[in-house]
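Examination of the molecular architecture
One-letter residues, chain by chain:
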Amino acid sequence: MRRKLRFLIRKTVGHRNRRRDHHSRGHDDWVTLVTVIANGGWIVSCSLDKTARIWDTAIRRLLHVLRGHETAISAAAAAPDGSRIITGGEDGALHVWDAESGRHETVLSGHRAAIRACA
């Protein structure tokens with residue numbers, strides 16, 4: 001699992017030996033958080049590029065790009081059964097996503113400050 005995570009993180013932010021202006025098929029800016037989904041085979045990466053991405057570690061592929069935040073994403077968590085993902089942004093909004101389809105379900109707003117953690 002550690003080797004798979006290293007591969008995906010390197011793929012997400014680009015390899016150090018590549019030119020700085022080159023972006024891989026992952027995020028377009030720095031990764032702020034990586035979290036494992038309960039099923040053990042998926043991870044979620046969050047970024048300053050205002051997206052979260054769901055990766056399958058077994059096949060080393062990007063499954064879904066989660067778009068909807070207006071600012072950088074600074075927090076993420078998954079439901080205990082892995083069915084839902086919640087992401088929190090610098091704008092104080094929480095977004096709920098269906099993990100299997102990547103479909104955006106709802107926005108929970110009202111926080112006055114950035115979301116730094118969710119569980």
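On to the pattern of salt bridges, then. Scanning the entire structure with this criterion turns up 5 salt bridges. A salt bridge links arginine 84 to glutamate 105; the shortest N-O distance between them is 2.8 Å. Of the two residues, arginine 84 is situated in strand β6 (residues 84–89) and glutamate 105 in strand β8 (residues 104–108); the sequence distance between them amounts to 21 residues. We classify glutamate 105 as partly exposed; its relative accessible area is 28%. Sharing partners across several salt bridges, the network here consists of Arg84, Asp98, Arg103 and Glu105.

Okay, the confidence of the model for the chain next. Predicted coordinates in regions of low pLDDT should not be interpreted in detail. For the chain, the mean per-residue pLDDT works out to 82, and 78% of the residues sit at or above 70. Looking over the chain, one finds the lowest element-wise mean pLDDT in helix α1 (residues 2–13), namely 51, and the highest in strand β7 (residues 94–98), namely 97. Predicted confidence is poor over residues 11–24, with pLDDT under 50, and the contacts of this stretch with residues over four places away or in other chains come to 16 contacts.

Glancing now at the side chain of aspartate 49. Relative to the elements of secondary structure, aspartate 49 occurs in the loop between β2 (42–47) and β3 (51–56). Assessed through its relative accessible area of 16%, aspartate 49 is described here as buried. Separated by 2.6 Å, the side chains of aspartate 49 and threonine 51 make a polar contact.

What counts, and where the lines are drawn
- Residues numbered from 1 in each chain as written.
- Predicted model: local features only at pLDDT ≥ 70, side-chain atom pairs only at ≥ 80, totals over all residues.
- Heavy atoms only, no water.
- Salt bridge = Lys/Arg side-chain N within 4 Å of Asp/Glu carboxyl O.
- Helix = DSSP H or I, 4+ residues; strand = E, 2+ residues; numbered from the N terminus.
- Buried < 20%, exposed > 50% of the residue type's maximum accessible area, 1.4 Å probe, protein only.
- pLDDT = per-residue confidence, 0-100.
- Contact = heavy atoms within 4.5 Å.
- Polar contact = N/O pair within 3.5 Å; in protein donor to acceptor, adjacent residues only side chain to side chain.

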